Amino acid sequence: MKPFRFGVQVSQVGSASEWRDKARKLEDLGFSTLFMPDHFGPELAPLPAIAMAAAHTTTLRVGSLVFDNDYKHPAILAKEAATIDLLCDGRLELGIGAGWMRTDYDQLGLPYDPPAVRVDRFEEALHVIKQCLTGEQFTYHGEHYRITDYAAWPKPVQQPRPPLLIGGGGKRVLSIAAREADIVGINPNLRAGEIGLEAAKDSLREQTDRKVQWIRDAAGARIDDIEIQMRFFVTRVTPDRMKLAEALAPSFGVSAAEALESGAALVGTEDEIAEQLHRRREKWGLSYVVVGDENVDEFAPIVAKLAGT
Amino acid sequence: MHDRRFRFGVACSKGRSRHDFTELARKAEALGYSTLFVPDHFVEHDLAPTVALAHAAAVSDQLRVGTFVLGNDYKHPVVCAREMASLDLLSDGRLELGIGAGWMTADYEKAGIPLDRPGVRIARLAEAITVMKGLFAPGSFTFHGDYYRVTDLDGMPKPVQQPLPFFVGGGAPKILALAAREAQIVGINANLRSGDGTSPDAARSMTPEATDRKIGWVRDAAGDRFDDLELQALVGFVYVTDDSKRVLEGIANAFGVSVEDARVAPPCLVGSEDEIVASLEERRERWQMSYHVVDDVAIDTFAPIVARLAGK
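J.: Explain the overall build of chain A here, please?
T.: Tallying secondary structure elements over chain A gives 12 helices and 13 strands in all. Taken over C-alpha atoms, the radius of gyration comes to 19 Å for chain A, in line with the 19 Å a tight globule of 309 residues would show. Referenced to the eigenvectors of the C-alpha coordinate spread, the extents of chain A come out at roughly 60 × 40 × 40 Å. Counting all 309 residues of chain A, 52% fall into the buried class. Taking all contacts inside chain A whose residues are at least 6 apart in sequence as the whole, residues at least 24 apart take part in 70%.

Quick look at the structure:
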């Protein structure tokens, strides 16, 4: 069983000094990792932001949750990842996904290919990125990328490479993650191209059980080397969890009891949340807990209690 | 109107570790350099510029940071704009956005990026600059060009500097005309049509007469804007010596130019401190060139000259 660790996904940043203070605060509170998403809404670009957060800290890990593969050529992304890892002395977690948010593609004028094509391209990109991160010269002629006699530089500090984080909700992507990644994120299935009712229902306990089984099946013996991660979107420290669940459940079309057991929810007193996390780690192998920026303060005592245990 | 005061930049060619690169940024700031630049190539041992500049800005207070220069074909301009605006925000407005049409053949071949003819690359760069400026400006932006199609996108974040200074350099009429129309900083560079920065063709395109012609192209395209532009040169060869004659003869022979051409050519600064100071003043007088960038290997030898001229 892996020790617990905690990440925070931050997307809004007001200013340079606010960002520096935020990174240092997360480090002081014992959070393991600062993550940034990669979308074209009111969010900063993850790359310079996490590089800067790393420059202002000494132990905090930084990562993308997750880079969309379709925005950049994988050789460029690999070079950027290796540069961050070099300049932060080995604290990068490289999260990458096949891309899903429809509005991003429409606004950028990028073709929103069917999921199968995006995932094919993503698999090729993973191969290219892994090769780049070795620093060895390689050639790869795939359907989507064509690399010739290329030796990437710099070499990352973490060897053999910075941890690769792949998240997904469907069987194919989770199977790829189980075979290729060091950290597997269990997400709702986002085939609809947006986070809506379908995604909420896909986070329920049964669906999560099934996803964990896909991961185990595809991982085989690798399963012991993999960290399982979940991003909790509904997180609240509250003395009356049932009351909150009854208020929230109808808008997701589920019962209060189902809502509380959902893979996206972490609700209750500090002790109840700690107990839920222990239970989920035993059942699903979940040890890497990611919450939103708005949960940092209320979650800090839970981090203090559980991180590293 | 630009005041033509001297300022100096350092181009990073090496950043081997967190410690080395942090020290380079702090040293450049302490020695009075205005800007730390990071290039953008795959095949050279360069750091990824967006990442490295974020780090440099985080470990300094006043130092400006710049891309030297982004190859436009490596990233979609919407992706690029968001990264550059974020960098400007997180550095409290210290970014200089250098971007070029892309030229290094080896980069394209190794990464499998199609290398179109120069005219197409320059037309695409022009569209990319339009897209980025549109996203940096207030409100929602739509652009349907030949190469990029952006629909109802309100670029976030907005840069702190309004306008964010663009830096565009080149050595041929089309690219310099684009720079003259769109950029705040114009780099007077070698002509890189050969795809190789060390070719004799590139070297011969840097003679004083060739530089006169380039300044003429910039002036013609800039019109009234010319007085607002800051003109920059990359000084790839700095040699502080009391025996400038011998060194200049060596350069002249190696590149097939005259000794006098080697003395005045923008990429070379050879001589005693006094001679180099005089040469920089001569270049400013002749070409209005006031912004000089040296390689980081010359950061120390060039420092006394920076101390004498920066801000003057």
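From this point, the narrative continues.
J.: Would you take a moment to explain the overall build of chain B for this structure?
T.: Regarding its fold elements, chain B presents 12 helices and 13 strands. When the backbone C-alpha atoms are referred to their principal axes, chain B occupies close to 60 × 40 × 40 Å. Expressed as a percentage of its 312 residues, the buried residues of chain B come to 51%. By sequence separation, contacts in chain B at least 24 residues apart represent 70% of the contacts at least 6 residues apart.

J.: Explain the confidence of the model for chain B here, please?
T.: Caution applies to low-pLDDT regions: their predicted coordinates should not be interpreted in detail. Taken as a whole, chain B shows an average pLDDT of 93; of its residues, 99% reach a score of 70 or greater. Both scores are given for the predicted complex: the pTM is 0.95, the ipTM 0.94.

J.: I tried to follow the packing of helix α3 (residues 77-90) of chain B against helix α5 (residues 118-136) of chain B on my own but got confused; where do I start?
T.: A pair of packed helices is characterised by two quantities: the angle between their axes and the separation of those axes. Residue and element names in this part refer to chain B. Packing of α3 against α5 brings their axes to within 9 Å, and their N-to-C directions diverge by 45°. The orientation of α3 relative to α5 falls into the category oblique. For the crossing formed where α3 meets α5, the hand is right-handed. Across from Pro77, Val78, Cys80, Ala81 and Ala85 in α3, the residues of α5 making contact are Ala128, Val131, Met132, Leu135 and Phe136.

J.: Got a minute to help me understand the interface of chain A and chain B in this structure?
T.: Interfaces are often sized by the amount of accessible area the parts lose when they come together. Each partner contributes residues to the interface: chain A has 40 residues there, and chain B has 41 residues. At the level of elements, α1 (16-29), α2 (46-55), α3 (74-87), α4 (102-108) and β7 (146-150) of chain A are the ones that each hand at least two residues to the side of chain A that touches chain B. Residue contributions to the side of chain A that touches chain B peak at eight residues, all from α3 of chain A. Per-class residue counts for the side of chain A that touches chain B are 25 nonpolar, seven polar and eight charged.

J.: Honestly, α3 of chain A in this entry has me stumped. Any pointers?
T.: At 3.6 residues per turn, the α-helix brings residues three or four places apart onto the same side. Between its terminal C-alpha atoms α3 of chain A stretches 20 Å, which fits the 20 Å expected from 14 residues at 1.5 Å a residue. Of all 14 residues making up α3 of chain A, 14 are buried, and the element is well covered by its neighbours.

J.: How should I be thinking about the pairing of strand β12 (residues 268-271) of chain B in this particular structure?
T.: On a regular strand, each side chain points to the face opposite its neighbour's, so the side chains alternate between the two faces of the sheet. All names here are of chain B. The two faces of β12 match: Cys268 and Val270 on one face and Leu269 and Gly271 on the other face are all buried. Relative to β12, strand β11 (residues 237-240) runs parallel, the two being bridged by four bridges. Residue pairing in the sheet places Val240 in a bridge with Gly271 of β12.

J.: Mind showing me how you'd approach unusual backbone geometry here?
T.: Glycine aside, residues mostly have negative phi, and peptide bonds are mostly found in the trans state. In this structure, the amide linkage connecting Leu65 of chain A to the following residue, Val66 of chain A, adopts the cis form with an omega of -10°. Even without glycine at this site, Asp89 of chain A takes up a positive phi of about 55°. In this structure, Asp89 of chain A sits in the loop between α3 and β5 (92-97). What makes Asp89 of chain A partly exposed here is the crowd of 15 C-beta atoms within 10 Å. With a phi close to 55°, Asp92 of chain B is a non-glycine residue in the positive phi region.

What counts and what doesn't
- Residues numbered from 1 in each chain as written.
- Chains lettered and ligands numbered in written order.
- Predicted model: local features only at pLDDT ≥ 70, side-chain atom pairs only at ≥ 80, totals over all residues.
- Helix = DSSP H or I, 4+ residues; strand = E, 2+ residues; numbered from the N terminus.
- Rg over C-alpha atoms; globule rule 2.2 N^0.38 Å.
- Buried ≥ 20, exposed ≤ 12 C-beta atoms within 10 Å, placed from the backbone.
- Contact = placed C-beta atoms within 7 Å.
- pLDDT = per-residue confidence, 0-100.
- Axes fitted to C-alpha atoms, helices over the stretch in contact; angles between N-to-C directions.
- Parallel < 35°, antiparallel > 145°, perpendicular 65-115°, else oblique.
- Left-handed = near helix turned anticlockwise from the far one by under 90°.
- Nonpolar A, V, L, I, M, F, W, Y, C, P; charged D, E, K, R; others polar.
- Expected span 1.5 Å × (residues − 1).
- Pairing = 2+ DSSP bridges.

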